[in-house]
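Notes for the structure review
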Amino acid sequence: MGISSILGALSLLGFLLFLGGIAAVVLAASQGRPVRAGILLAIVGIVVGILFSVISQGILIVQPTEVAVIFNTLAGDLEDPPRNAGTHIVVPVLQTVTIYPVSQQEYTMSGTTTEGSRSGNDSVRARTVDGQEVSLDITVLYSIDPLKANIVHTRWPTGYQDNFIRPTTRGYVRDLISQYRAVDIYGEQRGAVETGVQELLAARMAEEGFILSDVLVRDITFSDQFSASIENAQIAQQEAEQARLRVQQREQEAAQARAVAQGEADAVVTRAQGEAEAIVLRAGAEAEALRLVSEVLAANPGLIQYQYVQNLSDNIQLMILPSNSPFLFDFNSLSSGEMPLQPEATTEPGS
């Protein structure tokens, strides 16, 4: 229980004693008894009630989320600076107190009827530089500067939210929206709009004794015609992107086909080169073999005859060659392993 509550309770008790004293006086007088005790009780009660009532009104308790603006009725001015959180002494009647909150407040202007500081459609309607109508849902987060509460009290005594916060915010939003095209606000410039409103409003609110915390552009609504055009543009862009991807895919497939064909061509060339090299090697080997055979035959002229006879049937002992052959083979001598001698030349009749 605070001091004000205690003093208020004592003041109430004093007034109850006063009423009790009055009742005692009336009762004693009706019975013909002395009324002195009742009068004394009433006097004490009224003195205690008035005293503690004045004392309770002279004690000012300011909460941590509040600031007190003190007006001096005799001098006609405001006490500077305002009184912050704590317990203070004021002179009743000569000093009047007005309490202002210094905690963060919000003011919302929304097109949704169930939210916002006002019922109904309270969104900010503005027109872009290209003539498009835009509706914005705005929330302003702010607080009263404790050191400038006197300015707020002096300039906005009838309500700062409806008379300052609301019209000032709506005016700045309209002025800023009129500098942009609708398509820019729809896209990349939405953050710029929010930042611009915040910068303009922060400076103006500081002049009036407020601290701006943030400006939130919660929603932006465009006309149905503009929204349809944006949707069509996005569809066309998506189709163009899909076509580009299909072309890119075909190019990749063509590149892969070219790579496969190039690989196959390289393989054919490699195989051809290998076969050519093999033919060259085989030809070299055959030439070398023929050279060696020639050398052996040159050294052993009868080797061919020997090989020929070796391949004949075993029951052949003598073979007569045609009359025009200069050779006659003796199989006994050949089968014994003796190389045949060079045949003697024969003289044909009539030579």
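Residues numbered from 1 in each chain as written. Predicted model: local features only at pLDDT ≥ 70, side-chain atom pairs only at ≥ 80, totals over all residues. Heavy atoms only, no water.

**Observations regarding the overall build of the protein**
Helix and strand content of the protein: nine helices and eleven strands. By the burial criterion, 25% of the 351 residues in the protein qualify as buried. The contacts of the protein with a sequence gap of at least 6 include a subset with a gap of at least 24, amounting to 66%. When the accessible surface of the protein is summed, it comes to about 22600 Å², and 57% of that surface belongs to carbon and sulfur atoms. (Helix = DSSP H or I, 4+ residues; strand = E, 2+ residues; numbered from the N terminus. Buried < 20%, exposed > 50% of the residue type's maximum accessible area, 1.4 Å probe, protein only. Contact = heavy atoms within 4.5 Å. Areas by Shrake-Rupley, 256 points an atom, 1.4 Å probe, with all protein chains shown as cover.)

**A few points about the packing of helix α4 (residues 160-177) against helix α6 (residues 190-207)**
Two elements in contact, α4 and α6, have axes separated by 10 Å at closest approach and are oriented at 140°. Accordingly, the angle class assigned to the pair α4 and α6 is oblique. Considering only the axes of α4 and α6, their crossing is right-handed. Counting all contacts with α4, which are made through Phe164, Ile165, Thr168, Thr169, Tyr172, Val173, Leu176 and Ile177, the residues of α6 involved are Ala192, Val193, Gly196, Val197, Leu200, Leu201, Arg204 and Met205. For the contact of α4 with α6, the per-class residue count stands at twelve nonpolar, three polar and one charged. (Axes fitted to C-alpha atoms, helices over the stretch in contact; angles between N-to-C directions. Parallel < 35°, antiparallel > 145°, perpendicular 65-115°, else oblique. Left-handed = near helix turned anticlockwise from the far one by under 90°. Nonpolar A, V, L, I, M, F, W, Y, C, P; charged D, E, K, R; others polar.)

**Here's the deal with the pattern of salt bridges**
Overall, the coordinates contain nine salt bridges when judged by the stated rule. Of the charged contacts in the structure, one is a salt bridge between glutamate 115 and arginine 218, with a shortest N-O distance of 3.1 Å. With glutamate 115 in the loop between β6 (105-109) and β7 (124-127) and arginine 218 in strand β9 (residues 210-222), this residue pair connects regions lying 103 residues apart in the sequence. The class for glutamate 115 is partly exposed, based on a relative accessible area of 29%. Here the salt bridges do not stand alone but share partners, grouping Arg155, Arg204, Glu207 and Glu208 into one network. (Salt bridge = Lys/Arg side-chain N within 4 Å of Asp/Glu carboxyl O.)

**Points about the nonpolar core**
Counting 36 residues, the largest nonpolar core has Leu136, Ile138, Val140, Tyr142, Tyr160, Met205 and Phe210 as the members making the most contacts within it. Those residues in contact with valine 140 that sit more than four places away from it in its chain are Gln105, Glu106, Tyr107, Met109, Ile165, Thr169, Leu201, Leu212 and Asp214. One finds Leu60, Val62, Ala68 and Val90 within the second-largest nonpolar core, a separate group that totals five residues. (Core = buried A, V, L, I, M, F, W, Y, C linked by side-chain atoms within 4.5 Å.)

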